Amino acid sequence: MKDDKHLREEMHDSTISDLLQHLTQLRQKVPVNYQLKADLKAQLLERMREMERMQAGRQVVKVVPWWRKKRWMAGGAILLGLSFSLFFWCRHFVISQEEALNWLPPIQAVEQIALAPNGEQIAYVADGARLFLRSLQDEKEILRFQLPATKGDYQAVSWANRMDRLAVVEESGDITRIWLINASEEGGHQASSRLLIEEPGTKFSTPDWSPDNRLIAYTRRKGTHEEVWVNSTVSLEKRKVADGSQPAWSPSGAGLAYVHDGMVSVIDLASGQVQEVGAGKWPDWLSDDRLVFTTSNGNLAEARLHEKPVQIVSLPIPSGVQDKIVRTNWSSNQEDVLIAYQSVHSLAFSVAKRR
Amino acid sequence: MGMAIKRGMHEEVDTLPEKKEYYESRSFTELYDEYFDRVNRYLRYRVHNSWDADDLTTTVFLKALEKFDQYSRTNPFASWIFRIAHNAFVDFVRKNREIPVEHDDYLADETDETWQPEQQVLTNEEIALLRDRLELLTQDQRDVLTLRYFGDLKIHQVAEVLGKTESSVKMISYRALQQLKKLYEGGDRIERR
């Protein structure tokens, strides 16, 4: 009764009634992020489909009567033996401890996210002009940077090997720029940055730092023609390396893998000699003589460059994965990998360990 | 409960059904569509920094989806989702207590798409003043007022979210409004135009 009395007082007190109106106005002045609403809904729908698939997988498990278990056990022993052989045969490629990055905001392109060289962080660009550096051990450890205040959208990100800088690509109408961002700061503010290159009438994409951080390779597209270029990060020097796209530096820095006409190729930068590897895209290196790339049907392949002719072997895809792999992005020691999957409506990402 | 006077947002809330059957028939995505705005707005008001608020909103709905099978549906969805949102906010504040908050100046720069200019009775300065005064209230009072007026929750839903009794929430709400009234009357009163 006393409470109702208070409420009646609220209603009839003109100051309180004004206050309630002002609170309503204050509420209305807080904007809702409708872009996030749409993006997050797509992410939730994708997660729901994933959960349904996992649920369906669990339902397949049946209870086996004890008298049938013996037969299964014999078969199991044989399979175990075989799997051990398989494990040792392809021990370099077994991917384990895969963990989906469900907490990521919607990422529109595989270039917008990159695994740190030490495999402990990821960087991604979101909402057009924000750069996030997030720990994989503790997802609450996150640094945010406002990217240079321009009118463009940020499309691609790449870590320097010392992890002190990142390269980001900005598209603004007809102009594309590559910025170098200082990643050694605390975040929460405008990132300190330096413009590496700006060019009207072209599109830059897929930046990749050389192992010594002195060069950045990138795709330069004019119309439908794509070229791989290399820019110095310490001088104004730049040069075209090959026709193609998606460059990736070899661990020694002596070669660049890239894609041209649907074929993964490797160029020796000293001699200019080109070695064609196989059909695929998004090459990355496991060592100076071993390349990983994605095949057109969404599988992973490894090319052993030291063998003549080049040997291509298919890599096992992590269990339970039905979506096509778009790209893998490996840490410097090749023990951690960021995997991008294309599902029906959106991209999904996970990190895994190589055993 | 008769609290809809001069409060458009509560008229809207009061029309929402509370019956168990209503929530049983709704899918997660339907509930998401309906509640996103309220949760996002609540967190954006409380966290001030819209980046953090949007991250928290994402966390809240991802967590809600993971735990949706635990939602009993005997209670309104609003209480359940706002309990997750409020706990996420409390965790955020605890974790960021030592870190200076970077405040967004959203009141000046951004406008709600649903906002009608002719309804803009208060200036941005006056609204900022009101926001400052809300910050002078106790934690409990801020929790109750923001859940009521920014989360659009009813008294009994606020009570469920905060784990308090309804009468306690009513009392806190009453005292908070009285406190605000004193601040208005004692300080540079916000004039109506």
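The structure this text deals with has already been given above.
Residues numbered from 1 in each chain as written. Chains lettered and ligands numbered in written order. Predicted model: local features only at pLDDT ≥ 70, side-chain atom pairs only at ≥ 80, totals over all residues. Heavy atoms only, no water.

A. Region of the structure containing the overall build of chain A. Each helix and strand in chain A was counted, giving four helices and 25 strands. Counting the 355 residues in chain A, one finds 50% classified as buried. A fraction of 42% describes how many contacts in chain A between residues 6 or more apart in sequence connect residues 24 or more apart. Counting every atom, chain A has about 17,300 Å² of accessible surface; 53% of that belongs to carbon and sulfur. (Helix = DSSP H or I, 4+ residues; strand = E, 2+ residues; numbered from the N terminus. Buried < 20%, exposed > 50% of the residue type's maximum accessible area, 1.4 Å probe, protein only. Contact = heavy atoms within 4.5 Å. Areas by Shrake-Rupley, 256 points an atom, 1.4 Å probe, with all protein chains shown as cover.)

B. Quick peek at the packing of aromatic side chains. All names here are of chain A. All told, the structure shown has 15 aromatic pairs over all chains when counted by the stated rule. Aromatic side chains phenylalanine 204 and tyrosine 218 sit 5.1 Å apart centroid to centroid with 75° between the ring planes, which places their arrangement in the edge-to-face category. Linking phenylalanine 204 in strand 11 (residues 203-209) with tyrosine 218 in strand 12 (residues 215-222), this pair joins segments that are 14 residues apart in sequence. Grouping residues by exposure puts phenylalanine 204 and tyrosine 218 together as buried. (Phe/Tyr/Trp six-rings, centres within 6.5 Å; stacked < 30°, edge-to-face > 60°.)

C. Geometry of the side chain of aspartate 336 of chain A. Relative to the helices and strands, aspartate 336 of chain A is located in strand 24 (residues 336-342). Beyond its immediate stretch of four places on either side in the chain, aspartate 336 of chain A contacts Leu115, Asn118, Gly119, Asn329, Trp330, Ser331, Ala352 and Lys353 of chain A.

D. Region of interest: helix 8 (residues 139-149) of chain B. By the criterion of burial, helix 8 of chain B is predominantly enclosed, with nine of the eleven residues buried. Of the positions making up helix 8 of chain B, those classed as buried are Gln141, Arg142, Asp143, Val144, Leu145, Thr146, Leu147, Arg148 and Tyr149 of chain B.

E. Local environment of the pattern of salt bridges. Residue and element names in this part refer to chain A. All chains considered together, the criterion is met by 20 salt bridges over all chains. In this structure, lysine 203 engages glutamate 171 in a salt bridge whose closest nitrogen and oxygen atoms are separated by 3.4 Å. Of this pair, lysine 203 sits in strand 11 while glutamate 171 is found in strand 7 (residues 165-172), placing the two residues 32 residues apart along the sequence. Judged by relative accessible area, which is 26%, lysine 203 ranks as partly exposed. Among the residues examined, glutamate 171 registers a relative accessible area of 24% and is labelled partly exposed. Here glutamate 199 makes a salt bridge to arginine 220, at a shortest N to O gap of 2.5 Å. Placement of glutamate 199 in strand 10 (residues 193-200) and of arginine 220 in strand 12 is noted, with a sequence separation of 21 residues between them. In terms of burial, glutamate 199 and arginine 220 fall into one category: buried. Here the salt bridges do not stand alone but share partners, grouping Glu199, Arg220, Glu227, Lys240 and Asp243 into one network. (Salt bridge = Lys/Arg side-chain N within 4 Å of Asp/Glu carboxyl O.)

F. Up close: unusual backbone geometry. Residues and elements named next belong to chain A. Here the amide bond leading from lysine 308 into proline 309 is cis, since omega sits at -5°, within 30 degrees of zero. On the secondary structure map, proline 309 appears in the loop between strand 21 (300-304) and strand 22 (311-315). Backbone geometry places threonine 206, a non-glycine residue, at a positive phi of 45°. Structurally, threonine 206 can be placed in strand 11. In the Ramachandran plot, glutamine 246 falls in the positive-phi region, its phi being about 55° despite a non-glycine side chain. With respect to the helices, strands and loops of the structure, glutamine 246 is situated in strand 15 (residues 245-249). A relative accessible area of 14% places glutamine 246 in the buried class.

G. Structural view of the nonpolar core. Counting 60 residues, the largest nonpolar core has Phe61 and Ile81 of chain B as the members making the most contacts within it. Two domains each donate at least three residues to this core, and these are domain 1 (13-104) and domain 2 (115-186) of chain B. Sequence-distant contacts of isoleucine 81 of chain B, defined by excluding residues within four places in its chain, comprise Tyr35, Val39, Val60, Phe61 and Ala64 of chain B. Leu104, Ile113, Ile142 and Trp282 of chain A belong to the second largest nonpolar core, which has 20 residues in total. (Core = buried A, V, L, I, M, F, W, Y, C linked by side-chain atoms within 4.5 Å. Domains from an automatic or database assignment.)

H. Main features of the sheet that holds strand 22 of chain A. All names here are of chain A. The strand order 19-20-21-22 describes an open sheet built from four strands, whose pairing is antiparallel. Looking along the sheet, the strands with just one partner apiece sit at the ends: strand 19 (281-287) and strand 22. Put simply, the sheet's adjacent strands are angled 25° from each other on average, direction ignored. (Pairing = 2+ DSSP bridges. Axes fitted to C-alpha atoms, helices over the stretch in contact; angles between N-to-C directions.)

I. How the structure looks around helix 2 (residues 14-28) of chain A. All names here are of chain A. In this model, helix 2 (15 residues) spans 21 Å end to end at C-alpha, consistent with the 21 Å of a helix rising 1.5 Å per residue. Of all the 15 residues making up helix 2, twelve are buried; the element is thus mostly covered by neighbouring parts of the structure. All buried positions along helix 2 are accounted for by Thr15, Ile16, Ser17, Asp18, Leu19, Leu20, His22, Leu23, Thr24, Gln25, Leu26 and Arg27. (Expected span 1.5 Å × (residues − 1).)

J. Molecular detail of the environment of threonine 219 of chain A. Residues and elements named next belong to chain A. Structurally, threonine 219 is set in strand 12. Taking the C-alpha atoms as reference points, threonine 219 and tyrosine 258, separated by 39 residues in sequence, lie 9.3 Å from one another. Aside from chain neighbours lying at most four places away, what touches threonine 219 is Lys203, Phe204, Ser205, Thr206, Glu226, Glu227, Gly244, Ser245, Gln246 and Pro247. Within the structure, the side chain of threonine 219 is placed 2.6 Å from the side chain of threonine 206, a separation counted as a polar contact. A polar side-chain atom of threonine 219 sits 3.0 Å from the main-chain amide nitrogen of glutamine 246. (Polar contact = N/O pair within 3.5 Å; in protein donor to acceptor, adjacent residues only side chain to side chain.)

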